[in-house]
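The lines below spell out each chain.
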Amino acid sequence: MAQALRIGLLGCGTVGTGVARILSEKAQQLARIAGRPLELCRVVVRDPSKSRDGAVPQHLLSTDPGTLCNDPLDVVVEVAGGTGAVRDAVLKCLGAGRDLVTANKALLAEYGPEIFEKARKHGRAIGFEAAVAGGIPIIRVITEGMVANRITAIQGILNGTSNYILSKMTDEGLNYADVLAEAQKLGYAEADPTLDVDGTDAAHKLSILAHLAFGVQPPLESIPRRGIDGIDAVDIRFASELGYTIRLLAESWNREGKLAMHVSPVLLRKQAPLAQVRGAYNAVALVGDAVEDTLYYGKGAGMLPTASSIVADLVDLAVSRERMVHRTGLLWPVGVSKEPAILPDTDLKSRFYLRLLLPDRPGIMAEVAGILATHRISIASVIQHESTGSPDSRVQMVIMTHEAPTSDFRMAVEEINRRGFAVLPVTHYPVAD
Ligand code: NAP
Ligand code: HSE
């Protein structure tokens, strides 16, 4: 049999342990498919005394990233995460002639041009199937399966942790903090879970998909993003009463040569395909001008689903298919302005959900309706449950609007907040029908 593909791991936590397990448990199957063994030769971690699920022989462990450059290796799998020390280590590995497989979407979204330039300079390939949507092979879908298309829209549930939290809150009535702790324990969340729940992780992934689909390099700051960290169970209940489910969506679409992009919790009709996506599952809907609507579904986070994508990249390297799959030569070019023309919010329209906590007094509904009317926002439905009627009682009022320009809606919300009659600032989300 041909010489083994010699693999070094940088990091061996949730994902790295999964990679080590698959390489060991499926060694024969992988060697048969690749035509050569895939051999784990080095594992770099911070703390070698931690248990690695029995997946890594002790003699492979090191705390020195330099070993990944100095040992005889063909490829380094970066599953450490972060963009500081790890970015330096990755650049050094590419410089030392190692191919790279990474699950690190933050690294690619923020330093894609630098990393890919280094790879091009040293003739190396980069696989990153695991960086977006975990176990769903969405990178291959775009770079191989949809090459005959001009992609016009991407709509995805791209963060498993947020989806796990939202669906547990919706289906089991659990509270936000408890479900977040559970998602961390299950290995879905980032080392800093703020990135999951504030929409940054989904924005990183959207920026990678937008690069592959539209050829742009959107700076992270140019992607408006809002996460699920402010979600209140009361909004999940009202959405359900109205026939909707809340999901964190990452969306981008091309309109007249400009790109709309955002990450936000959105109310989806309960029967919509993306509303059915529960737990740590992800789903990505892509529209191509030839194939039209397509939908991809699978586990977006977790040890083995993510490792599944990494091992697929390793097999591609072993059989030298990586240049077709990852097009290292073309991705994230430097020195070419690829910043997209972003459609301003003022050009985007949506329906909206808004919830107001109000004193229960005469005229308050008319006041809210009047402000919405001033800003040309038309009301589609209203919910207000009966209150106790006592002089100091408060009521929740929920309004669904007809489609309106986002800018008009924002001005209406600002005015309601400025007038000061609502007990708390207005809660609002877009609605997708
Ligand atoms: P994790 O469980 O926190 O593991 C990180 C590993 O990296 C640990 O083994 C840690 O060492 C090691 N490490 C961190 N910084 C290091 C450094 N400077 N030098 C050497 N070793 C270092 O993280 P994870 O969940 O596996 O995620 C890893 C990467 O995969 C991240 O980029 C993440 O975004 C991405 N990803 C994760 C998932 C998922 O479901 N978890 C899915 C897709 C992509 P110690 O063990 O000694 O602490
Ligand atoms: N923290 C990420 C998520 C891991 O929850 O989706 C997968 O990229």
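This structure is a prediction, so every number in the text was calculated from the model and none was measured.

About the cut-offs
- Every chain begins its residue count from 1, and numbering advances along the sequence as written.
- To label them, take the chains in the order written and letter them from A, then take the ligands in the order written and number them from 1.
- Since the coordinates come from a predicted model, pLDDT governs what is reported: local features require at least 70, and pairs of side-chain atoms require 80 or more to be given and counted, while whole-chain, interface and lining totals use all residues.
- Hydrogens and waters are ignored; side-chain quantities use all the structure's heavy atoms.
- Working definition: rings of Phe, Tyr and Trp (its six-membered ring) pair if their centres are within 6.5 Å, and the pair is stacked with planes under 30 degrees apart, edge-to-face with planes over 60 apart, and tilted otherwise.
- Secondary structure elements follow DSSP: runs of H or I no shorter than four residues count as helices, runs of E no shorter than two count as strands, and numbering proceeds from the N terminus.
- Lysine NZ or arginine CZ positioned within 6 Å of the ring centre and within 35 degrees of the ring normal marks a charge as sitting over the ring.
- For two strands to pair, DSSP has to find at least two bridges joining them.
- Being near a molecule or strand, for a residue, means having at least one of its heavy atoms within 4 Å of it.
- In protein, a polar contact requires one atom able to donate a hydrogen and another able to accept it; more generally it is a pair of N or O atoms within 3.5 Å, and residues adjacent in sequence count only if both atoms are side-chain atoms.
- Here, Shrake-Rupley sampling with a 1.4 Å probe gives the accessible areas, and only protein chains in the shown set may cover a residue.
- Residue classes follow a fixed rule: Ala, Val, Leu, Ile, Met, Phe, Trp, Tyr, Cys and Pro count as nonpolar, while Asp, Glu, Lys and Arg count as charged, and any other residue, Gly among them, counts as polar.

Draft legend 1. Highlighting the packing of aromatic side chains. Applying the stated criterion to the full structure yields seven aromatic pairs. Judged by centre distance (4.9 Å) and plane angle (5 degrees), the rings of Tyr281 and Tyr297 are stacked. You can see Tyr281 sitting in strand β10 (residues 281-288) and its partner Tyr297 sitting in strand β11 (residues 292-299), a full 16 residues away along the chain. Joined through ring pairs, the aromatic side chains of Phe116, Phe128 and Trp332 make up one cluster. Across the ring face of Tyr111, the terminal group of Arg87 is positioned such that the distance to the ring centre comes to 4.1 Å.

Draft legend 2. Region of the structure containing the sheet that holds strand β4 (residues 75-78). Spatially, β3-β2-β1-β4-β5-β6 is the arrangement adopted by the six strands of the open sheet, whose pairing is parallel. Two strands close off the open sheet at either side, each with one partner strand: β3 (61-62) and β6 (126-127).

Draft legend 3. Looking closely at the site of ligand 2. Near ligand 2 you find 13 residues, and of these Lys105, Gly160, Thr161, Glu190 and Asp196 are the closest. Between ligand 2 and Asn159 there is a distance of 3.4 Å, counted from an oxygen atom to a side-chain nitrogen or oxygen. A distance of 2.8 Å is found between an oxygen atom of ligand 2 and a side-chain nitrogen or oxygen belonging to Lys205. Notes on ligand 2: free accessible area 250 Å², of which the protein chains cover 93%. Secondary-structure elements contributing two or more residues to the shell around ligand 2 are α7 (160-172) and α10 (200-214). Of the residues contributing to the shell around ligand 2, the split by class is four nonpolar, four polar and five charged.

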